[in-house]
Structures are given as C-alpha cells and as structure tokens.
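# Coordinates in review
The primary structure of each chain is shown beneath.
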Amino acid sequence: MSRQAKSLVQARSAYFLWGHKPATILSIIVLAALMIASSAWQAQARAVPDSFADMAEKLLPSVVDIRAIQNGQTVSDNGDQQPDMQSPFPPGSPFGDLFERFRRNNPEHQGPRRREAAGSGFIIEDNMVVTNNHVVEGADEIYVVFRDDSRQYEAEVVGRDEGVDLALLKVKTDHKMPAVKFGNSDKARIGDWVMAIGNPWGLGGSVTAGIISARGRDIDRESFTDFIQTDAPINMGNSGGPLFNMDGDVIGINTAIFSRSGGSIGLGFAIPSNQAKHVVQQLREYGHTRRGWLGVSIQSVTPDIAESMGLDKPEGALVSTVYEKSPAAAGGVEAGDVIIRFNDRVVEDSTKLRRMVAATDVGRDVPVVVWRDGEKVDLSVELGEREKVDIASLGGSDKSPGQSGGAKSEALDQLGVDVSPITPALRRQYNLSDSQKGVVITAVRPGSSADEKRLAPGMVIVGDNRGPINSVDELRQRVESAHDDGRRSVLLHVAVEGDLRFVAIRFKAEG
C-alpha cells in the first residue's frame, strides 16, 4: 500500500472516531472501557484446568496411607485365648464389610479383635506426617505406607490435638521423604479449584478435584475450627489427607463429610491450613497445644437480648459467668458485658469468640471492647493457658451480698412470674445451695414470655445486665426502669441447676 493510501485509511479511521456526534463517541468510549474491564477480569480469573495430571504426578509421592492398629484380646468361655482372624482386605475396603459379616456369623472366628483404621496423611519437612487425630487416636501401632512401592514405615506420635482434630507423626527412617508445604488458606476463595489426594475405602493414592464451595463452616461447636467446604469427592479413608490449591500448596486437611451412606455427596470439610500450621508448630515444640484462655462462660446475643441491652444488632458474646481469679476477672470483665471486639477483630457470636481466644498466644495482652450499660468500655486482658485449667472445678465470681429473712411470693405480671426471696424452706424445696443468692421463681404463667423461654419454679434470678439483684423490690425496680426506658424486654441473669445464663423476657403487652 502506498504512503498516500495509508494516510487516507488513517484519516478515515480518525473520522470514524471523531467525525461522529458526541453521543456516538461516548458510546464507543464506554464500549472500549467495558472491553478493557472484561479483559482485566479474564486475566485475573483462572481458566478451567485442562488436566490435573502434572500436579497429581508431582504431589502423589508426598501423600501417604495411614494404618492405625489397636490390639485387643478377648477370652472364650473356657478361658482360652482365641486366635484372631485377620481380614485380607485393606482397612476401609467395601469388601471388608463382607468379611466382617462372615466373621460375625461364625463364632469360632470371634477371637481377640485387632482393630485397624485407615486414613491419609501428608509429609512435611523433617519426615513429619500430618493427619487427623481421629485416625490414630487409641492406636498401639501406627504405620505410614507409600503408594509408589508399598514401602511401610513405623511412626510415632509427636503430638495430638483433639480440639482441632490433628496429629503429628514422626516416621522412623533415615530415608528423606518428599515433602509438601502449607499454603495460605486465607487467600483461598469460594469457587477456586482444589485437588484432594487420599486413601478412600483403602484405595490409596486416589485423586479427586472440585472447587471450594464455602468458607467458615461451623459443623461442630465443640471444635475450634471454621472449616473449608469443598465439593471435591471426599470419602471414608480420606481423613487426614491434603486439599491442594492449584499452586500445589496444602490449604486444608480433609477431615469430615456429610453423608447418609458414608459415600461422598459433595459435602466435604477441611481444616484450613493457616489454623493447622499453628497447631502443628505447637505440637512440634511442646507435644501438645497451648491455647489462649479468657476465663468466662459466654452465650450468643439473640435479637431479644440485643434489644434489651440497647445494641444495634445481635452481635457479640454475652458474658454469663466470670471465673474467679481468671484473666477476664483480672482484666475487669464483668458478667453482663457483651464482648464486641477481641484483639482488634469484630466478635460475631460466642462460637467465633471461643475460637478467636483459643487461636491467640498464651500470655499475650489482648485489647477487649465490651458493651456495658449502653457504652463501649476498653479493657486489656492477659490470656492464660487453657490446657492448664480444670474448667469443671472453677467457680464464678459473685459480687452480690448475702440475703436473709423471708417473705411470701409476689407477682410480677409484666414478666408472667411469681418470685420470692430465698428462704430456708425454699432452699430445701428446690435443693438450692447455702451459697445461692438472688430471687427464686415460684410460679410461671402459662403462655407468658417467661414460659416461652422455659423459665420454671426453682430457677433463681441473680441479676440483670446492670448487675446483681438481691431482693424482690430491686428486681421490680429494674423491670420498671427497663420498661420506662422504652425497652420491650428485660435481660435477666438466671441460675439453672448451678449454671448461669442470660434470658431476655418480653414485657406483657398492654391493652
């Protein structure tokens, strides 16, 4: 093309852009901006993998099968020890069910039981293996099996943690084993591709893939873990195996599934690697975990409780008991406080606070913000060590004075209860301790808010969110004060068979 022709094309192109009306030019600019944004999004988004083969080939040698054996011995009626009949099938194999059925139907083979559990694990540095605690708990012998040549090595437990369900093993060999490394689970996003490797049903070295379905799953309130949910097929025997991201880093330890049949239905759950790293480090250093301890009994804030305390929304953890001589008591936390921030993080509910405290280093001074009497109060608490505390033996702090005398029951119609000072006769009737203080409930109106919240005769009102209550007159004043302040309910601190909890009771509707 000649120079003149090129100039003509360039001129016509310029006219195409600038020779139109302003509205047309604006449309072209907007279209170009959208195309640029789309290209940027596509650059950030990961493409669907063509194959997981290269990654699987690289990572498979670092994933091992775990054999955990618990030796048992039974004695026959004549006192002779019976020989144990071993299953020829791998632990967890579906064929093992057929063998077990045969063994049960043939009493001569029901000798001493040698229980064998199968699970998965993965190698980290220094020939250490990470797996689930429930895979090796109670085992007398533990073996690590490699899939490439069926090598089997004996392993010893370095440390176990029931709270997060992790165990750290040390393999007894001088042979250096191929290790994988932990990734950053906080960067894992819902929808990211993940790959799981494990020993499902005794079929070692099985690879499955899927995506992260959800984060922060609470499937066990007794656990200290917010699980990663994945739809990558996880089955029995996968426990303790790794969940990899597309960089080949471990971002989770496969631990649990939801299933009616025992097989995968796309609901698998993994311990996040960032939490696992912290636990593994402590197991290596101490042989056990060292979790932070605040020293309080807590409950979640319901909408009724939030309204009665003047909170904008039901958030935080309500302190029902402060244990004597605990870090919380030393730091100024009081029963009736709502902990709304811990260590500069928002507290969503009581379960989240429990896990936040457990994940914080022992001995650390932690900033705590509580909601008290309609105001935020800043505190600082030096955390204790949970493992050194016998929580069952602790007593709650009690700042209320003693009470004497007696009186007949009085009706609090706004709450739908009858209450009375604690007399010797009521102590005997309701089996109350000599140290119990407060106001005892003697009757509850059917259909009242107190009835709906399952208050019952014999329960003791020891205070409200403002502090201890020592008489019926004081309780009546607190109720009337809350009503006059425009509250729709009053928050009572109630002792139920020795345990303390807060209960929001709505006022009776006025008609």
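Cut-offs applied
Counting restarts for each chain: residues are numbered from 1 in the order of the written sequence. Whole-chain, interface and lining totals are the exception, using all residues; otherwise, since this is a predicted model, local features are given only for residues with pLDDT of at least 70 and side-chain atom pairs are given and counted only at 80 or more. Water and hydrogen atoms play no part in the side-chain values, which are based on all heavy atoms of the structure. When a residue's accessible area, from a 1.4 Å probe over protein chains only, is under 20% of the maximum for its type it is buried; when over 50% it is exposed; and in between it is partly exposed. Numbering of helices and strands runs from the N terminus, with a helix taken as a DSSP run of H or I at least four residues long and a strand as a DSSP run of E at least two residues long. When DSSP locates at least two bridges between a pair of strands, those strands are taken to pair. Orientation is described by lines fitted to C-alpha atoms, with helices fitted over the stretch in contact, and by angles between N-to-C directions that extend from 0 to 180 degrees. Residue contacts are defined here by distance: any two heavy atoms, one from each residue, within 4.5 Å place the two residues in contact. Helix span, expected: 1.5 Å multiplied by one less than the number of residues in the helix. When we speak of the arc, we mean the arc of directions from the helix axis to the C-beta atoms.

Attention now goes to the pairing of strand S9 (residues 227-230). Burial along S9 is two-sided: Phe 227 and Gln 229 facing one way and Ile 228 and Thr 230 facing the other are all buried. Pairing geometry for strand S8 (residues 206-217) and S9, over three bridges, is antiparallel. Note that in S9 the partner of Ile 212 across the bridge is Thr 230. Where S9 lies against strand S12 (residues 268-272), three bridges are found, and the strand directions are antiparallel. Bridge pairing in S12 links Gln 229 to Phe 269.

Turning next to unusual backbone geometry. Here the phi dihedral of Asp 126 falls at roughly 65°; this positive angle occurs in a residue that is not glycine. With respect to the helices, strands and loops of the structure, Asp 126 is situated in the loop between strand S2 (114-124) and strand S3 (128-131). Its identity as a non-glycine residue notwithstanding, Asn 343 has a phi of 55°, on the positive side. Along the polypeptide, Asn 343 turns up in the loop between strand S16 (338-342) and strand S17 (345-346).

This paragraph deals with the sheet that holds strand S11 (residues 250-257). With respect to topology, six strands assemble into a closed barrel ordered S7-S8-S9-S12-S11-S10, the strand pairing being antiparallel. When the angles between neighbouring strand axes are averaged without regard to direction, this sheet yields 45°. Lying on the sheet, helix H6 (residues 273-286) is in contact with S11 and S12; it crosses S12 at an angle near 50°.

This next bit is on helix H12 (residues 472-484). Spanning 13 residues, H12 covers 18 Å between terminal C-alpha atoms, matching the ideal 18 Å at 1.5 Å per step. Along H12, the positions that sit buried rather than exposed are Val 472, Leu 475, Arg 478, Val 479 and Ala 482. The buried residues of H12 all sit within an arc of 125° when viewed along its axis, so they share a single face. With respect to the buried face of H12, the exposed residues turned more than 90 degrees away are Gln 477 and Asp 484. Looking at the buried residues of H12, the elements they touch are strand S21 (410-412), strand S22 (417-421), strand S23 (439-444), strand S24 (460-464), strand S25 (467-468) and strand S26 (489-496). Just downstream of H12 lies Gly 486, where phi reads positive at about 90°.

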